[in-house]
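Residues per chain, in single letters:
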Amino acid sequence: MNQTAIARSWVDTANGHSDFPLQNLPLGIFSRAGGERRCGVAIGDAILDLEAVLAAGLFEGEARVAVEATRGGALNAFFALGRGARVALRERLLELLAEGSEHQAALQAALYPASACALHLPARIGDYTDFYVGIEHAKNVGKLFRPDNPLLPNYKYVPIGYHGRASTIRPSGTDVRRPKGQTLPAGQSEPSFGPCARLDYELELGIWIGQGNELGQSIAVGDAAEHIAGFCLLNDWSARDIQAWEYQPLGPFLSKSFISTVSPWVVTAEALAPFRCAQPARPDGDPQPLSYLLDTRDQAAGAFDIELEVLLLTERMREQNLPAHRLTLSNTLSMYWTVAQMVAHHSVNGCQLQSGDLFGSGTLSGAEPGQFGSLLEITEGGKHPVELASGEVRKFLEDGDEIILRARARRDGVASIGFGECRGKVVAAH
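Residues numbered from 1 in each chain as written. Predicted model: local features only at pLDDT ≥ 70, side-chain atom pairs only at ≥ 80, totals over all residues. Heavy atoms only, no water.

Colleague: Looking at this structure, how should I read the overall build of the protein chain?
Modeller: Tallying secondary structure elements over the protein chain gives 11 helices and 27 strands in all. Expressed as a percentage of the 430 residues in the protein chain, the buried residues total 55%. Surface accessibility of the protein chain: about 18,400 Å² in total, with carbon and sulfur atoms responsible for 50%. Charge centroids of the protein chain, computed over 38 positive and 50 negative side chains, lie 3 Å from each other. (Helix = DSSP H or I, 4+ residues; strand = E, 2+ residues; numbered from the N terminus. Buried < 20%, exposed > 50% of the residue type's maximum accessible area, 1.4 Å probe, protein only. Areas by Shrake-Rupley, 256 points an atom, 1.4 Å probe, with all protein chains shown as cover. Lys, Arg positive; Asp, Glu negative; His and termini not counted. Charge placed at Lys NZ, Arg CZ, Asp CG, Glu CD.)

Colleague: Honestly, helix α10 (residues 339-347) in this entry has me stumped. Any pointers?
Modeller: For an α-helix, the turn length of 3.6 residues means that residues three or four places apart are oriented alike. Counting buried positions along α10 yields nine of nine residues, so the element is predominantly enclosed. All of the buried residues in α10 are Val339, Ala340, Gln341, Met342, Val343, Ala344, His345, His346 and Ser347. Residues of α10 that are buried make contact with β6 (128-131), β13 (203-209), β14 (228-235), α8 (296-301), β19 (303-304) and β22 (358-360). (Contact = heavy atoms within 4.5 Å.)

Colleague: Explain the nonpolar core to me, please; I cannot follow it from the model alone.
Modeller: Soluble globular proteins tend to pack their nonpolar side chains together in the buried interior. Membership of the largest hydrophobic core comes to 66 residues, with the highest contact counts inside it found for Phe231, Trp237, Leu272, Ile403 and Phe419. Those residues in contact with Ile403, other than ones at most four positions away along the chain, are Tyr201, Asn235, Trp237, Val310, Leu311, Leu312, Leu327, Leu397, Cys422, Arg423 and Gly424. Within the second largest apolar cluster, 47 residues are counted, among which are Leu93, Leu94, Tyr128 and Cys232. (Core = buried A, V, L, I, M, F, W, Y, C linked by side-chain atoms within 4.5 Å.)

Colleague: Any chance you could explain the domain arrangement of the protein chain here in plain terms?
Modeller: The parts lose accessible area when they come together, and the size of an interface is often stated as this lost area. Examined at the domain level, the protein chain breaks down into domain 1 (12-120) and domain 2 (128-427). Between domain 1 and domain 2, the C-alpha centre-to-centre distance is 28 Å. The partner domain 2 presents 26 residues to the 25 residues of domain 1 that form the contact. Contact between domain 1 and domain 2 buries roughly 2,100 Å² in total, counting both sides, with carbon and sulfur atoms accounting for 60%. Considering only the surface of domain 1 that becomes buried against domain 2, Phe79, Arg86 and Leu119 emerge as the three largest contributors, covering 29% of it. Linking domain 1 with domain 2 are 10 residue pairs in polar contact (both at pLDDT 80 or more), by the criterion used here. Within the residue set of the side of domain 1 that touches domain 2, elements represented by two or more residues are β1 (27-32), β2 (38-43), α3 (76-81), α4 (83-97) and β5 (117-120). (Domains from an automatic or database assignment. Buried area = accessible area lost by both parts, 1.4 Å probe. Polar contact = N/O pair within 3.5 Å; in protein donor to acceptor, adjacent residues only side chain to side chain.)

As structure tokens, then:
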């Protein structure tokens, strides 16, 4: 069954749902009170338990193999099956959940209210790499430190990244404990130790790796899309004062490793297919990518048009019943490198990628005010605080502040889909 603008589901809440209509069908790991972790599909305001549907005998062939691979509370084995299994499962789910399905009565017992379920990390993350492909963010941050030369010479040749800490990645809703570390206060010659004073968020796209590669073998950019299982939102929380002291010469360390938050649903590459588009043309004078990073098909349809939003909700705003304040409205079109180029570059030296590895895109900012993906950019390092309706101002995040990331893919003639929220609330340091 093809994705169409008019396809409807017998699950009433899916029809017109802001994030999870029939056209989306993202996968995740959930549990009910006192129950085991199982794979589910988000449909409207509900979760369909795939293992229960399997027990009812409603999956056959490759779709059955796909669901069997989701057992055990993690999607790694399912990711490893590759695109064929994802497509088979998606097509069967479209049949089962579409309006008029003959299996509606049988599926009702496997459908649970999402509000009554807990969501977990979708996979066991062996490795996490954070890239830096948002060129407007790179320029905005570069201007703060190098006004005359914001981009370093390698930026337009290399998809820059660093190896992050997989053990501290958590699902949406996990509290963000303010980290401690060394900082160098202004005007001082020696560092001090204590809680971070310049806590920040970073708006990113997360990329889940599907099939991996063998050690010593690279993935060609033209084949890289076959190794991408799906996408999520990622908040790469950053302690800017710790970062400023520690990052030279080897890059981020404790300033990034205390927590990273992801949205718990894996939006598959197939669900996002209608929102693929040409990679934006490079400005005149920019170098062409080196040959191992250049593929005609990837340049023609390797980018995504996904709107990204960041909201801030403070303790006082909750007390005053005020709505969350929008900090950012950006788009994935600000990515200078495609996801396929990121995969190709990561593996070109023979590095082994494995199913369930996670990539972060790096902060995705636009070129204009209102499109910046971090407070570092919005406030220009704290020089211009954000004014809130509660009467508060923010240079950086304070205890009790909650950051909410959202995403929406839209295109005329196609049902829009979302990612679900990626939330984190700051709590005081121990």
